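Summary of the model geometry
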Amino acid sequence: QLVETGGGLVQTGGSQILSCLASGGTFRNYIMAWFRQAPGKERELVAAIGWSDNNIYYTDSVKGRFTISRDNVKNTVYLQMSSPKPEDTAVYYCAARIATISSYHVWGQGTQVTVSS
């Protein structure tokens, strides 16, 4: 089970941290990711992180602004959003998969992030 917190209203130039608490499995076995879906658009992968910080992916539009990290003791994955833009407005979802499965098969309920200019 994945539970996201930290969404809300944020201004451009500000910062926001999203958190996702995982339960019910061995956290270190999962690749963790953040997706987002804006109104009228498809869900997109924003960032992903393997068991260690050595294996991280970002979509081009957030590189240099967002940072994904994980705490394998607290079973939590974070998304630090710095200098957000109005186009970052979306519902953000936490997701997980084990390495042997190509698609993400555990999902959180989503948290709304609205960036105002």
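Residues numbered from 1 in each chain as written. Predicted model: local features only at pLDDT ≥ 70, side-chain atom pairs only at ≥ 80, totals over all residues. Heavy atoms only, no water.

1. Points about the nonpolar core
Judged by nonpolar contacts, the single largest core of 25 residues is most densely connected at Met32, Trp34, Val46, Ile68, Val77, Leu79 and Tyr92. Elements represented by at least two residues in this core include exactly strand S3 (15-22), strand S4 (30-37), strand S5 (44-49), strand S7 (66-71), strand S8 (76-82), strand S9 (90-98) and strand S11 (111-116). Broken down by element, the residue count for this core peaks at 4 residues, all from S9. Residues Ile31, Phe35, Ala48 and Ala95 belong to the second largest nonpolar core, which totals 7 residues. (Core = buried A, V, L, I, M, F, W, Y, C linked by side-chain atoms within 4.5 Å. Buried < 20%, exposed > 50% of the residue type's maximum accessible area, 1.4 Å probe, protein only. Helix = DSSP H or I, 4+ residues; strand = E, 2+ residues; numbered from the N terminus.)

2. Concerning the environment of Gln112
For Gln112, the position within the fold is in strand S11. Given a relative accessible area of 39%, Gln112 falls into the partly exposed group. Along the backbone, Gln112 and Val91 are 21 residues apart, and their C-alpha atoms lie at a distance of 4.3 Å. Beyond its immediate chain neighbours, meaning those up to four positions away, Gln112 contacts Gly7, Gly8, Thr89, Ala90 and Val91. Engagement of the side chain of Gln112 in a polar contact is seen with the backbone oxygen of Ala90, the distance being 3.4 Å. (Contact = heavy atoms within 4.5 Å. Polar contact = N/O pair within 3.5 Å; in protein donor to acceptor, adjacent residues only side chain to side chain.)

3. Some details on the environment of Cys20
Examined against the element boundaries, Cys20 turns out to sit in strand S3. In this structure, the C-alpha to C-alpha distance between Cys20 and Tyr57, residues 37 residues apart in sequence, is 17 Å. Beyond its immediate stretch of four places on either side in the chain, Cys20 contacts Leu2, Val3, Glu4, Met32, Trp34, Asn75, Thr76, Val77 and Cys94.

4. Side note on the packing of aromatic side chains
Any two aromatic rings considered together are summarised by their centre-to-centre distance and by the angle between their planes. Under the counting rule described, the total for this entry stands at 3 aromatic pairs. Summarising the aromatic geometry, the rings of Phe35 and Tyr104 are spaced 5.2 Å apart at their centres and angled 80 degrees between planes, so their arrangement reads as edge-to-face. Residue Phe35 is found in strand S4, and its partner Tyr104 is found in the loop between S9 and strand S10 (106-107); the two are separated by 69 residues along the sequence. Residues Phe35 and Tyr104 agree in their burial class; the two are buried. The interplanar angle of 80 degrees and the centroid separation of 6.5 Å between the aromatic rings of Tyr93 and Trp107 together place this pair among those described as edge-to-face. You can see Tyr93 sitting in strand S9 and its partner Trp107 sitting in strand S10, a full 14 residues away along the chain. Taking the relative accessible area as the measure of exposure, Tyr93 reaches 14% and is therefore buried. Put simply, the rings of Phe35, Tyr93, Tyr104 and Trp107 touch in pairs and so form one group of aromatic residues. Here Arg43 stacks its cationic end above the ring of Tyr93, 4.1 Å away from the centre of that ring. The ring of Phe27 has Arg70 lying over it, and the distance from NZ or CZ to the ring centre is 4.4 Å. (Phe/Tyr/Trp six-rings, centres within 6.5 Å; stacked < 30°, edge-to-face > 60°. Lys NZ or Arg CZ within 6 Å of the ring centre and 35° of its normal.)

That's the geometry; what it means functionally is another story.
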